[in-house]
Amino acid sequence: MGLLDAILGRSKPVRPDLDQLFAVPSAALTLQAAAGFAPTGLGSVCFAGVEGGGFARLQEDVRELLDADTERGGVPVEFSRDAYGYTWLLARHPAEDSAALVNDLHAVNTLLQDGGFGPHLLCSLIGFRDPEGRALALVYLYKRGTFYPFAPLPGDAEKRDNQLELQVRGVLGDDLRVEKDLSRWFPVWGAPGL
């Protein structure tokens, strides 16, 4: 960053560090011990869809890679579109195998990034629940290289449990690179895997 950038308040964008995802299994243990939230085995990747054959082929490559174990009892991945036109890929694993889930999410992000579609990646999320049935997601912001908690309140109203989100931030501050700018803690209403 040059002097002119500093004067004008510009900063270099944070480079995505997909290896941050590998910290989630350890953070899951901390989250379960400190707040009672256990992994659900569900995780998803959100990206802006792109028209064209190259992207369609890459999407099929992702499906083939992640569906390779379906003959041995694995669950096939699911693609869906949300109301905003974003594409979601949902991966499922046994709840106790968060490492395998993270590996799949990392593989999807890496394939899209290496295929030239990194700018279209938005976020990845890993789902959690507590014994009372409350939902929580750890959301990885691809463009920021950080995580934040998202805790929707039960019911139809799109409201979130801000107190729980701040509690989780405090619990996981040593385990994950948590997004400091709270205005970037975007809601992901109805996200697959939540």
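Residues numbered from 1 in each chain as written. Predicted model: local features only at pLDDT ≥ 70, side-chain atom pairs only at ≥ 80, totals over all residues. Heavy atoms only, no water.

> Which residues make up the packing of aromatic side chains, and what values go with them?
Summed over the entire model, instances satisfying the criterion amount to three aromatic pairs. On the basis of an interplanar angle of 55° and a centroid distance of 5.1 Å, the ring pair of tyrosine 140 and phenylalanine 147 is categorised as tilted. Phenylalanine 147 gets classed as buried once you look at its relative accessible area, which sits at 1%. Between phenylalanine 150 and tryptophan 189 the ring centres are 5.2 Å apart and the planes differ by 75°, which places this aromatic pair in the edge-to-face class. Of this pair, phenylalanine 150 sits in strand β6 (residues 146-150) while tryptophan 189 sits in the segment after α5 (162-172); the two residues are 39 residues apart in sequence, bridging distant segments of the chain. Owing to a relative accessible area of 0%, phenylalanine 150 belongs among the buried residues under this scheme. The exposure class assigned to tryptophan 189 is partly exposed, which follows from its relative accessible area of 28%. (Phe/Tyr/Trp six-rings, centres within 6.5 Å; stacked < 30°, edge-to-face > 60°. Buried < 20%, exposed > 50% of the residue type's maximum accessible area, 1.4 Å probe, protein only. Helix = DSSP H or I, 4+ residues; strand = E, 2+ residues; numbered from the N terminus.)

> How would you explain the sheet that holds strand β5 (residues 135-141) if you had to name every residue and give the values?
In spatial order, the strands read β2-β3-β1-β4-β5-β6; together these six strands make up an open sheet with antiparallel pairing. This sheet does not close on itself; its edge strands, each paired only once, are β2 (78-81) and β6. Neighbour-to-neighbour, the strand axes of this sheet turn through a mean angle of 25°, independent of strand direction. Bridge count between strand β1 (residues 38-48) and strand β4 (residues 121-129): seven bridges; the pairing is antiparallel. The residue bridging serine 44 from the neighbouring strand is leucine 125, located in β4. Contacts from helix α4 (residues 98-117) reach β1, β3 (86-92) and β4 within the one sheet, and its direction differs from that of β1 by about 10°. (Pairing = 2+ DSSP bridges. Axes fitted to C-alpha atoms, helices over the stretch in contact; angles between N-to-C directions. Contact = heavy atoms within 4.5 Å.)

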